[in-house]
Amino acid sequence: MTQSTKPVTNYALPDHLLNLLGQYLQEQIAPTIEIDPTQLAYRWVGGHNGHLEPLAVNLFLSLDDLHGIDIQKAKLVQNTRQFLKGYPANHVLMTGTRGAGKSSLIRALLQAYHNEGLRIIEIARDDLRVLDKIRAAINALPPDCGCHYVVYCDDLAFNGQDESYRTLKSVLDGSLDSEQDKLLVYATSNRRHLLPQLMKDNVNIYNGQTDEVNPYETIDETVSLSDRFGLWLSFHPMDQNTYLHIVRHYLSLSPNRNLDNMNDIKANDTQEGSIATTHNTLLPDNIRAAALRWASERGGRSGRVAYQFSRYWIGQTRLAAEGSQS
């Protein structure tokens, strides 16, 4: 039997196609997640095949700088301290009015407890599918690293077609390895139940217009995610006196003292009694009127609005002082 002597032809792709193919394969392969315990904070960037990007965190904001939310702050601090001590602690959902200090509390917690091992990983709602990878990376850390990680998700909410919430449900409570000794989820949202609750769902149930055999399970599904957060903290709109108190506090933190009566504000803040009875004597009339006008133009009072006003007032005062000297 004779063997064929026909030469073998080698086919090769052009170089530009090989480069494109290599780039595509590289994008499809998720990189290994590595976490450095000495890094205080990370942010997940790049979508499903992204990576943890170290953050240079500004630790200027302290828990004492946050006013008007004392009850919420105390509960969150207690839960975090339990977590850092290795005691049972809960995932936290902070809901309510915008600008009330929900996100600021997270930054202040890191400032207060980073020396005790608190670390933060910020993740966007659209990237929640990578939570399992992050959890695996945390579990791979040495047992003696002494770090406890809070996964922080800001402005968390889902629409009816978004399926990424199911991953979050599993991490919170549901999977066999959903432990809470090394990782907790702290989330903020303007919506308490995270998933939309539609009036038409109730109407369809009551009128028998739904095609579902067990229509009440739809309602259970909409509340099942928020139920897996063990601690709910609600933030409400603040009254005028609390708003003015926060304005006064931020102004007193300014290194510039060329403001009318700002030295008096700083001194009296340490002797303050009732906010409701002392705000008129502690805050100069011109600043008080400007702060209230600022809040009115912004459509509401909040800690964020107070902070923004303080930046506006300090900035314009410094600019005016600089102009008068030239």
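These figures come from a predicted structure and were not determined experimentally. (Residues numbered from 1 in each chain as written. Predicted model: local features only at pLDDT ≥ 70, side-chain atom pairs only at ≥ 80, totals over all residues. Heavy atoms only, no water.)

Burial runs high along strand S3 (residues 92-96): four of the five residues are buried. Where S3 meets strand S6 (residues 183-189), four bridges bridge the pair, whose relative direction is parallel. The partner of leucine 93 across the bridge, within S6, is alanine 187. Relative to strand S7 (residues 231-235), S3 is paired through five bridges, and the arrangement is parallel. Bridge pairing links leucine 93 to tryptophan 232 in S7. (Buried < 20%, exposed > 50% of the residue type's maximum accessible area, 1.4 Å probe, protein only. Helix = DSSP H or I, 4+ residues; strand = E, 2+ residues; numbered from the N terminus. Pairing = 2+ DSSP bridges.)

Moving on to the side chain of threonine 242. Looking at the element boundaries, threonine 242 is found in helix H8 (residues 240-252). Under the relative-accessibility criterion, threonine 242 is labelled buried at 15%.

The next thing to look at is H8. Over its 13 residues, H8 extends 18 Å from the first C-alpha to the last, a length consistent with the 18 Å expected when each residue adds 1.5 Å. Across the 13 residues that make up H8, a large majority, 11, are buried. Among the residues making up H8, those that are buried are Thr242, Tyr243, Leu244, His245, Ile246, Val247, Arg248, His249, Tyr250, Leu251 and Ser252. (Expected span 1.5 Å × (residues − 1).)

Now for the packing of aromatic side chains. Summed over the entire model, instances satisfying the criterion amount to five aromatic pairs. An angle of 65 degrees between the planes, with centres 6.0 Å apart, marks the rings of tryptophan 294 and phenylalanine 309 as edge-to-face. Residue tryptophan 294 is located in helix H11 (residues 285-298), and its partner phenylalanine 309 is located in helix H12 (residues 303-325); the two are separated by 15 residues in the primary sequence. Assigned by exposure class, tryptophan 294 and phenylalanine 309 land together as buried. Measuring from centroid to centroid gives 6.0 Å for phenylalanine 309 and tyrosine 312, while their planes differ by 50 degrees, and the two rings are tilted. (Phe/Tyr/Trp six-rings, centres within 6.5 Å; stacked < 30°, edge-to-face > 60°.)

Turning next to the sheet that holds strand S1 (residues 41-45). Judged by pairing direction, the sheet is mixed, and its seven strands sit side by side in the order S2-S1-S4-S5-S6-S3-S7 without closing on themselves. Edge strands, defined here as strands with exactly one partner in the open sheet, are strand S2 (51-54) and S7. Neighbour-to-neighbour, the strand axes of the sheet open up by a mean angle of 25 degrees, direction not taken into account. Sheet strands touched by helix H3 (residues 102-113): S1, S3, strand S4 (118-122), strand S5 (148-153), S6 and S7. Its angle to S4, the strand with the most contacts, is close to 145 degrees. (Axes fitted to C-alpha atoms, helices over the stretch in contact; angles between N-to-C directions. Contact = heavy atoms within 4.5 Å.)

To continue, consider the nonpolar core. Formed by 48 residues in total, the largest nonpolar core has its most connected members in Tyr243 and Phe309. The contacts of phenylalanine 309, once residues within four sequence positions are left out, are Tyr243, Val247, Ile287, Ala290, Ala291 and Trp294. Formed by 24 residues, the second largest nonpolar core is a distinct cluster that contains Ile35, Leu128, Ala137 and Cys147. (Core = buried A, V, L, I, M, F, W, Y, C linked by side-chain atoms within 4.5 Å.)

A word on the packing of helix H2 (residues 70-84) against H3. The interhelical angle for the contact between H2 and H3, taken along N-to-C directions, is 45 degrees, at an axis separation of 11 Å. The pairing of H2 with H3 is recorded here as oblique in orientation. Note that H2 runs across H3; the crossing there is right-handed. Across the interface between the two elements, Lys73, Leu76, Val77, Thr80, Arg81 and Leu84 of H2 pack against Leu105, Leu109 and Tyr113 of H3. Its residues assigned to classes, the contact of H2 with H3 comprises six nonpolar, one polar and two charged. (Parallel < 35°, antiparallel > 145°, perpendicular 65-115°, else oblique. Left-handed = near helix turned anticlockwise from the far one by under 90°. Nonpolar A, V, L, I, M, F, W, Y, C, P; charged D, E, K, R; others polar.)

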